[in-house]
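# Report on the structure
What follows is each chain in one-letter form.
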There are 2 protein chains.
Amino acid sequence: MKRYEQLVELLAADIRTGLLAPGTRLPSIRTITAQHGLSASTAFKAYYRLEEKGLVRAQPRSGYYVTASAMQQLAAPARGAVDGKAGKMGKAARVAPRPDVSELVFAVLGAAQDPAIVPLGSAFAAPGLFPLQRLGKSLARSSRFIQGPDTVASLPRGDEGLRGQIALRYLAMGMAQPAEELIVTHGALEALNLCLTAVAQPGDLVAVESPGFYASLQALERLKMKALEIPVHPQDGLDLAALADALQRHPVKACWFMTSFQNPTGASLPLEKKKALVALLAARDIPLIEDDVYAELYFGHRGFLPAKAFDRKGLVMHCSSFSKTLAPGYRVGWVSPGRFGQQIERLRLMTTLSASLPAQLAIADYLQYGGYDKHLRKLRHSLESQLSSLLAAIARHFPADVRVSRPAGGYFVWVEFAEGFDALALHQAALEHGIGVAPGPVFSARRNFRHCVRLNYGHPWSDRFEAAMQTLGMLVRQQSPYADAPR
Amino acid sequence: MKRYEQLVELLAADIRTGLLAPGTRLPSIRTITAQHGLSASTAFKAYYRLEEKGLVRAQPRSGYYVTASAMQQLAAPARGAVDGKAGKMGKAARVAPRPDVSELVFAVLGAAQDPAIVPLGSAFAAPGLFPLQRLGKSLARSSRFIQGPDTVASLPRGDEGLRGQIALRYLAMGMAQPAEELIVTHGALEALNLCLTAVAQPGDLVAVESPGFYASLQALERLKMKALEIPVHPQDGLDLAALADALQRHPVKACWFMTSFQNPTGASLPLEKKKALVALLAARDIPLIEDDVYAELYFGHRGFLPAKAFDRKGLVMHCSSFSKTLAPGYRVGWVSPGRFGQQIERLRLMTTLSASLPAQLAIADYLQYGGYDKHLRKLRHSLESQLSSLLAAIARHFPADVRVSRPAGGYFVWVEFAEGFDALALHQAALEHGIGVAPGPVFSARRNFRHCVRLNYGHPWSDRFEAAMQTLGMLVRQQSPYADAPR
């Protein structure tokens, strides 16, 4: 056996046993040559051979990744070993593994990394929808203006030009949020985490949506806070009566809600409900962390005002970012912090110091000269048309009694199957067919919504998506609630 | 009185009462016109007048800041008010206020923001020492290569090109740290915080240096962990015998040390002590968070290997960044995480997702084509010559028995005055003269080192620094331990 063939055998064995799981990157050529004392050309030859076999797939500028189907291809010898192991551990056989929520979230995110997986379970929109070239121009232009003193002077709250541009966008929406008060952050995720740390302590009870954004659940888990889940209706959002009741019975320290185009349902609170929410919390002096990252992705003639617009007591921390609308990867978000500005600013100084300056300056330049509103109109149009395609595919391929949310913006729909349906099993089966879906339980601390999935329509529709939906429909009908349903 | 004069009076009153403290930025022209119903030209006229009076100072691209001397200029009417208030509150008169450590840290950082303050207390080097123009060129070049898929593909551990370049720098030092294992972070501060969260829980005991970097103390405070302070000798660093003794008596969960050019002392552990440190911790399986941000700023022929070089068990997390050596404000750091890679990667996904892509690509381009080593040689030479100037000024202006550390790299010296000296009082007095110093107690959870200060030599020496050192010398001699000392 030649040396490259030995390496092929070795790596195939690692794939078979799951040591190199689907979506994992193979070691770099530099590492593998060093580890095995091989020449680079031998290593490349082995990688090409694995690619020919369909076990790995090259990704430009990144490396080789194990394909979703690799394990199946090599499955025969593996099964015995896995069964044997399960038997030894004395566990009853289970069709699908049952990872905990965090593990499941990482598996879902991991699948989104693999370009071979159809990204219906992804949390991102297609990168091609963003004006990356025009942004590059802004980056190049603004790089000439990075002056020495800026690097320190923009420390506390972020670049002043950028904060001015964000304040102008608030003004255009009909809200005055002074540029001086805004704090630019490393994406909305940092803003949300800082807000939470500013207003709640370990052991505190925090109200979140159910189903809700998994990052809020992970943040509470990480910070040893307790989640109080408030139901969300897939159309008009948070159940305010349930919240009012919960506030009366529990010492809720803070709320973390998405009031428009909620992740995962796509639901939006009508204006009157937002007003009522602010009043309800103001009566008890409870801070609201408002996650509004999809605000600009509305489909109607104009966007929805956030709850922040009705905040008179400075209790609402309004968090958003450019990651969903303009510049994924730049990691530029912000918070309009209400009365919590100083705490948030200080927490940030202690944890990440400041947002990255080049990205801030590029976005400030783009907002001023790049045609953001024109880009947004185009993006909204694309998303709305992709939503239509997805809804049509659901109608064509899924059982008739499946319930689907009708979002007025964002890029997620929420699909409810019959009771007894197992979305985790669907997630596993879909992955084996190279298709990602986000199963309901990742959106609940109590792992509810076992019969639901979130689907992403943030990618241009194509035959690939149509075929994936057809396969999903077939997999759905294999489950017992639909086994006898007419096709 | 004209309208602009009314505004001048109003703002002067706010400065007098401390509402607008030295270093604070005045409201922007947009805000002030909206608040007072004035025209922009009236507001500008008022700000120009305040500038003429020396009460504020314009800072390009940023705004108007209250000067350090403004309060003194307006002091006469204020003193009565302040005294009266103190009297009412029934507190004994104290020359200097006694803020807690965090407040003091923020005051020290705040003073560093104000360009009117001589930055001897700063944590930063002069921005002019960095190749910002050449970096701008790398930013412009690399912006053309930001491809859609990158924005998602580089998520988990950072841009692969950058990780490759960092791995090459490790190799040049004689250490193999595979690019695959490195995790690019939002500055070293994020890396350090992630490492700490990965290996310790609230309530756990963490060994830190004393004196030590205040960010480590703040992180422990924020995460409700307990600090065990291990003494540091200003020349050869950490007291290993004290550490060994502490490990025997206390359940230490992790250590957070700077092993080369330590902040604040400038001390470095000799190679043998680093080896012994790693062995000591390995025997007990205790993780070491190694903060090595000044590693490249050595003055001799070559740098010092970090403790990580002797790590065989994957217990050392080696953290560094480009903020001190190349690109302040870009916020790009990294960690070589040893066995804790997966935990750190996941914690990052949950808190800030990823580092900013434009900054990563620009630095990767610069490392490959920009002449980093040439820049570093120049920077080291500048810092070493600035150190000589500072030491000479100390010899000229400070009492003869003052003890001063002799760092072999970095940009801090540690000055020990006689017992009974009050560095907090010096800090206050110096600030009133427009000079910043970093008082000893900010570097200790127990507020020790009351008789010490850290001085920064990261700025080109000039008459301004010479005059500031002369003033400091005068202020030092006003304190009781030196009151009768010969000049």
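The present account deals with the structure reproduced in this document. The residue count restarts for each chain, going from 1 along the sequence in the order it is written. Key to labels: chains lettered from A, ligands numbered from 1, both in the order written. Where local features are concerned, this predicted model is filtered to residues with pLDDT of at least 70; where side-chain atom pairs are given and counted, the filter is 80 or more; whole-chain, interface and lining totals use all residues. To get the side-chain values, take all heavy atoms of the structure and skip hydrogens and water.

Residues belong to a common nonpolar core when they are buried Ala, Val, Leu, Ile, Met, Phe, Trp, Tyr or Cys residues joined through side-chain atoms within 4.5 Å. When accessible area is computed with a 1.4 Å probe and restricted to protein chains, residues below 20% of their type maximum are described as buried, those above 50% as exposed, and intermediate ones as partly exposed. Grouped together as the largest cluster of nonpolar side chains are 190 residues, with contacts concentrated most on Leu455 of chain A together with Leu455 of chain B. Contacts of Leu455 of chain B, omitting those with residues within four sequence positions, involve Leu120, Leu390, Ile394, Phe398, Tyr411, Phe412, Val413, Val415, Val437, Met469 and Leu472 of chain B. Here a residue-residue contact requires only that any non-hydrogen atoms of the pair lie within 4.5 Å.

Another point: the packing of helix α14 (residues 341–351) of chain A against helix α10 (residues 187–199) of chain B. To get an axis, fit a line to the C-alpha atoms, keeping to the stretch in contact for a helix; angles then go from 0 to 180 degrees between the N-to-C directions. A run of DSSP states H or I qualifies as a helix once it reaches four residues; a run of E qualifies as a strand once it reaches two. Both are numbered from the N-terminal end. Taken N-terminus to C-terminus, the directions of α14 of chain A and α10 of chain B make an angle of 85 degrees; their axes are 8 Å apart at the nearest point. Here α14 of chain A is positioned roughly perpendicular relative to α10 of chain B, judged by the angle of their axes. Each of Leu349, Met350 and Thr351 of chain A in α14 of chain A lies in contact with α10 of chain B, whose residues at this interface are Leu189, Glu190 and Asn193 of chain B. Residues belonging to the contact of α14 of chain A with α10 of chain B are distributed by class as follows: three nonpolar, two polar and one charged. An angle below 35 degrees is read as roughly parallel, one above 145 as roughly antiparallel, one from 65 to 115 as roughly perpendicular, and any other as oblique. For this scheme, ten residues count as nonpolar: Ala, Val, Leu, Ile, Met, Phe, Trp, Tyr, Cys and Pro. Four count as charged, namely Asp, Glu, Lys and Arg, and the remainder, Gly too, count as polar.

Residues and elements named next belong to chain B. Only a pair of cysteine sulfur atoms within 2.5 Å qualifies as a disulfide here. Going through the model one piece at a time under the given rule, you end up with zero disulfides over all chains. The thiol sulfur of Cys255 is not disulfide-bonded, and the nearest other cysteine sulfur, from Cys195, lies at 13 Å. With no disulfide of its own, Cys319 has Cys195 as its nearest cysteine by sulfur position, at a separation of 3.7 Å.

Glancing now at the relation of the copies chain A and chain B. Rotating chain A by 180 degrees and translating it 0.1 Å along the rotation axis places it on chain B, where the RMSD comes to 0.1 Å. Expressed as a symmetry operation, the mapping of one chain copy onto the other fits a two-fold axis. Considering only C-alpha atoms, the residue of chain A closest to the rotation axis is Ala140 of chain A, which sits at 2.0 Å. Residue by residue, 100% of the interface of chain A is reproduced at the interface of chain B, so both copies engage with the same surface. Least squares is used to superpose the copies, and the fit set is the C-alpha atoms of residues whose pLDDT is at least 70 in both copies.

Attention now moves to the pattern of salt bridges. What makes a salt bridge here is a side-chain nitrogen of Lys or Arg within 4 Å of a carboxyl oxygen of Asp or Glu, nothing more. Scanning the entire structure with this criterion turns up 32 salt bridges over all chains. In this structure, the salt-bridge partner of Asp365 of chain A is Arg141 of chain A, at a minimum N-O distance of 3.0 Å. On the criterion of sequence distance, the pair formed by Asp365 of chain A in helix α15 (residues 357–369) and Arg141 of chain A in helix α7 (residues 132–143) is long-range, its members being 224 residues apart. Between Glu466 of chain B and Arg396 of chain B there is a salt bridge, with its nearest N and O atoms 3.0 Å apart. Of this pair, Glu466 of chain B sits in helix α18 (residues 463–477) while Arg396 of chain B sits in helix α16 (residues 372–397), placing them 70 residues apart in sequence.

This next bit is on the packing of helix α17 (residues 423–432) of chain A against helix α18 (residues 463–477) of chain A. All names here are of chain A. Here α17 crosses α18 at 135 degrees, and the two axes come no closer than 10 Å. Comparing their axes, α18 and α17 come out oblique. In this structure, α17 crosses over α18, and the sense of that crossing is right-handed. Contact residues: α17 offers Leu426, Ala429 and Ala430, while α18 offers Leu472, Leu475 and Val476. Considering only residue class, the contact of α17 with α18 consists of six nonpolar, no polar and no charged. By the definition used in this description, the sense in which the near helix is turned from the far one sets the handedness, with an anticlockwise turn below a right angle giving left-handed and a clockwise turn giving right-handed.

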